[in-house]
Amino acid sequence: HGRIRRLMRLEDIRSAVFAMLVEEMEEYELKDPVEFKKRQEIFTAMNVVFEKEKKDRAASMAALSTDAERFQARKRLWSYPEYLRVEQFNDVKLYQDFSQLMILRLIKHRIAYFMDLAALEKHGFIDSVFAVHHKHETEKLSENWGSLRPAAFVQWPGIQMDDDIRDYFGEEVAFFFNWLSYMTRMLVFPALLSIVNSTAAYFLDGKSAEHIEELSAFAICCWVAYLTASYARVCTTNNILWGMTGYNDKGLQRPSYEPLDRGSLKETAIRLLHWVLVLIVVGWTVFAAAQISAFRQWALRKVEEKSEEKMSLLITSIDYQTASKIGLYLVTLNIKIMNFVWSSVSPKIAEKENWRTDQKLKNAQVSKTFMVKCVVYYYPFFYLAFVRDWVEGCEGDECVHELKSNLAVFIITHIFTVIANVLVQIAMTWWSEYKLKQKLAEVPKDEERKLSYVEAQAMRPAYSGDTDDYMELSISLGFISMFSVVFPLCALMSLVTNLVELRVLAFRMLRVVRRPLPRGQEGIGAWRGIMQNITYLACITSVGLLVCTTPRARTMKSLDQLKWFTIFEHMMIAFVYFLESLVPEKSLANERILEAHDAAESKIFAADSTPVKATKTNVTCLKPGCDDVTPGRLPVAKS
């Protein structure tokens, strides 16, 4: 059905296929009922897709009472003399008009050759540059994809809208939502596993529950490995369908790129400064997490001592019980603050790093950003899981319980943060429109005018790119794959979060931000490598948590714990590597398509050249006068 939907988008080819199916059905109707049935099913499926766009045709078909009547009616509409015969298509020039996407891309590339729009906008020569939303297209996409109706949040995130998203927003946006939908579908397995793992303790004895926990950790590592490998194949398929194969090696030169500065001391110093900022943010995160943990322990000790004193906090005094609870939320607060600092400063430095293309700039920025946020987000939880017991000591399962509560607070805060960001953008848009309407109200009545459709869109905030959205998904994937051992419900909560986030972000693209200029992209870019790193990090973390947190493992000596950790961690990584190798990046169908493409490309570039067949043992040069050609010596012309 996905292939039929894609075929139906090519108007001229679609018409030829309809004509061909009608003639073949007439040929096979009496001769071969099986082949006739196959073509009838394809013909019916194509008509159903076609009639979704042709409301009058759909209404006339709905008026008929049986499928047989509808089939005959559709067959008459696509048969001669109502329609062309197959042989008539031989004299018809088949072509496809430029889509909106291609027109926008051509305009963007053409303008980029002559002027730097970003610089003109920065210096105030122009107000903003954006593609105008098409009302009909946004309404069509809003029916299912960008709807905030309650039923939309539980709608299965399939692939039916991928091509429409790509045709309207471009490949960059399409690949993000394709990855979000794919990850959400795949989360069903760990979500069900989390329910089993969470309820095992209530129905099984302690030893059996431990075995379930160990098997769950192994299953989660295998799941994330399969997720990464299988999505690489999905990317390959979409790259072929959308014409993005090899796109990352292409791209227009950025207007701010200075060829003379390439490899210079200035360029090196700026890039080094960016890495210094990485170290500063990482260092502060480690320091802050240690201080917050020490603060909580100090407050809890005061509570145990039943101290009646109160501590001063800013302009008020609080008891130590409250102070210990505040420490729980300070971890999440520190994460959000560091996230804001990095997001504000890092892009400005990256713009000065003199990258040649937008894709290279984006990949470099993504690598640094993930390194920072990986530490910012994960270190406080790693500290609780692996470090604190050695440094400060934990009584019983104190560290595990605190880890679980911190994870729950973070995941719940995450979904509210996503929704809050969209609400803030909506509020900013409303405020801009409100202020402009106030100014228009002051205009004399004889000059009164309303806000135009384009002006209303100009009031919207600009689309900031997909980096932050990918980052949130990657961080969530890391929490699921690494910490499901101690907090199984993490996967179930992330599934619910993704279902909400998918609709909220789609609504944002259609109703809140300006329509971005379409940008091409091969797959998900640098994020694919990041997903693979998360897979191997999950193997190490899951085994480490089993060794450090399960009651049976905690009775071992430290040296024995280290020994078993090393053995099982290596075994897990080896198995995951083997599992990834079983899912090749290209399917057999993809390989055949690419081989056919390479063969066609060779013929096109070869034009009408005639192949030359040399006779065996014939050493005579084809050009007279060049018989004595040898490597390294130019021929001497004969007199």
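Because the structure is predicted, anything quoted here is derived from the model rather than measured. (Residues numbered from 1 in each chain as written. Predicted model: local features only at pLDDT ≥ 70, side-chain atom pairs only at ≥ 80, totals over all residues. Heavy atoms only, no water.)

### Describing the overall build of the protein
Thinking step 1. Scanning the protein from N- to C-terminus turns up 24 helices and two strands.
Thinking step 2. The buried share among the 639 residues of the protein stands at 41%.
Thinking step 3. Considering only intrachain contacts with a sequence separation of at least 6, the fraction spanning at least 24 residues in the protein is 81%.
Thinking step 4. Looking at the protein as shown, the accessible area adds up to about 36,400 Å², and 62% of this sits on carbon and sulfur atoms. (Helix = DSSP H or I, 4+ residues; strand = E, 2+ residues; numbered from the N terminus. Buried < 20%, exposed > 50% of the residue type's maximum accessible area, 1.4 Å probe, protein only. Contact = heavy atoms within 4.5 Å. Areas by Shrake-Rupley, 256 points an atom, 1.4 Å probe, with all protein chains shown as cover.)

### Re the packing of helix 11 (residues 171-186) against helix 19 (residues 467-483)
Thinking step 1. Direction vectors running N to C along helix 11 and helix 19 enclose 20 degrees, while the axes themselves pass 11 Å from each other. It follows that helix 11 is roughly parallel to helix 19 by the angle criterion. In terms of crossing hand, the pair formed by helix 11 and helix 19 is left-handed. Taking contact as the criterion, the partners of Phe175, Phe176, Trp179, Leu180 and Met183 in helix 11 are, on helix 19, Asp469, Tyr470, Leu473 and Leu477.
Thinking step 2. Class assignment for the residues of the contact of helix 11 with helix 19 results in eight nonpolar, no polar and one charged. (Axes fitted to C-alpha atoms, helices over the stretch in contact; angles between N-to-C directions. Parallel < 35°, antiparallel > 145°, perpendicular 65-115°, else oblique. Left-handed = near helix turned anticlockwise from the far one by under 90°. Nonpolar A, V, L, I, M, F, W, Y, C, P; charged D, E, K, R; others polar.)

### Side note on unusual backbone geometry
Thinking step 1. Even without being glycine, asparagine 354 reaches a positive phi, approximately 65 degrees.
Thinking step 2. Along the chain, asparagine 354 falls in the loop between helix 15 (320-351) and helix 16 (358-391).

### Some details on the packing of aromatic side chains
Thinking step 1. Under the counting rule described, the total for this entry stands at 23 aromatic pairs.
Thinking step 2. Between phenylalanine 18 and phenylalanine 43, the ring centres sit 5.8 Å apart and the planes meet at 90 degrees, which makes this aromatic pair edge-to-face. A residue pair is termed long-range when its members are at least 10 positions apart, and phenylalanine 18 in helix 2 (residues 11-31) and phenylalanine 43 in helix 3 (residues 33-53) qualify at 25 residues.
Thinking step 3. Relative accessible area serves as the criterion here: at 0%, phenylalanine 43 is assigned to the buried category. (Phe/Tyr/Trp six-rings, centres within 6.5 Å; stacked < 30°, edge-to-face > 60°.)

### Describing the pattern of salt bridges
Thinking step 1. Applying the stated criterion across every chain, the model contains 18 salt bridges.
Thinking step 2. Between arginine 166 and aspartate 167 there is a salt bridge, with its nearest N and O atoms 3.3 Å apart.
Thinking step 3. According to the relative accessible area criterion, arginine 166 is buried, its value standing at 15%.
Thinking step 4. With relative accessibility at 22%, the residue aspartate 167 sits in the partly exposed group.
Thinking step 5. We note a salt bridge from lysine 362 to glutamate 172, for which the minimum N-O separation is 3.0 Å. Placement of the pair is lysine 362 in helix 16 and glutamate 172 in helix 11, with a sequence separation of 190 residues. The residues lysine 362 and glutamate 172 share a single accessibility class, namely buried.
Thinking step 6. Among the charged side chains, a salt-bridge network with shared partners connects Glu24, Glu35, Lys38 and Arg39. (Salt bridge = Lys/Arg side-chain N within 4 Å of Asp/Glu carboxyl O.)

### Topic: the nonpolar core
Thinking step 1. Of all hydrophobic cores here, the largest spans 87 residues; its most connected members are Trp145, Phe177, Trp179 and Phe483.
Thinking step 2. Among the elements that make up this core, the one with the highest residue count is helix 16 (11 residues).
Thinking step 3. In this structure, tryptophan 179 is in contact with Leu227, Tyr231, Tyr470, Leu473, Leu477, Ile524 and Met531, ignoring residues within four places of it in sequence.
Thinking step 4. Residues Phe18, Met46, Phe71 and Trp78 belong to the second largest nonpolar core, which totals 12 residues. (Core = buried A, V, L, I, M, F, W, Y, C linked by side-chain atoms within 4.5 Å.)

### Considerations on a nonpolar patch on the surface
Thinking step 1. On the surface, a cluster of nonpolar side chains totalling about 920 Å² of accessible area is made up of Phe98, Met102, Ile103, Leu106, Ile107, Ile111, Tyr113, Phe114 and Met115.
Thinking step 2. Counting through the fold element by element, methionine 102 comes out in helix 6 (residues 100-112). (Patch = residues over 30% accessible without salt bridge, like charges linked within 9 Å, V, L, I, M, F, W, Y side chains within 5 Å.)

### Quick notes on the state of the cysteines
Thinking step 1. Tallied over the full model, the rule gives zero disulfides.
Thinking step 2. Its sulfur unpaired, cysteine 539 is 4.3 Å from the next cysteine sulfur, which belongs to cysteine 221.
Thinking step 3. Note on cysteine 539: relative accessible area 0%, which makes it buried. (Disulfide = S-S within 2.5 Å.)

### Comments concerning the environment of isoleucine 573
Thinking step 1. In this structure, isoleucine 573 sits in helix 23 (residues 558-581).
Thinking step 2. Leave out the neighbours within four places in its chain, and isoleucine 573 touches Tyr536, Cys539 and Ile540.

### Overview of the packing of helix 19 against helix 21 (residues 527-549)
Thinking step 1. Interhelical geometry of helix 19 versus helix 21 gives an angle of 25 degrees and a closest axis separation of 8 Å. Classified by the angle their axes make, helix 19 and helix 21 are roughly parallel. Considering only the axes of helix 19 and helix 21, their crossing is right-handed. Between helix 19 and helix 21, the contacting residues are Thr467, Tyr470, Met471, Ser474, Leu477, Gly478, Ser481, Met482 and Phe483 on the first element and Trp527, Met531, Ile534, Leu537, Ala538, Thr541, Ser542 and Leu545 on the second.
Thinking step 2. A per-class count over the contact of helix 19 with helix 21 returns 11 nonpolar, six polar and no charged.

### Section: the environment of serine 494
Thinking step 1. Its place among the elements puts serine 494 in helix 20 (residues 489-512).
Thinking step 2. You can call serine 494 buried: its relative accessible area is 5%.
Thinking step 3. The spacing of serine 494 and leucine 187 is 307 residues in sequence and 7.9 Å in space, taken between C-alpha atoms.
Thinking step 4. Among residues more than four places away in sequence, those in contact with serine 494 are Leu187 and Ile480.
Thinking step 5. At 2.9 Å, the side chain of serine 494 forms a polar contact with the backbone oxygen of cysteine 490. (Polar contact = N/O pair within 3.5 Å; in protein donor to acceptor, adjacent residues only side chain to side chain.)

Read these as spatial facts, not as claims about activity.
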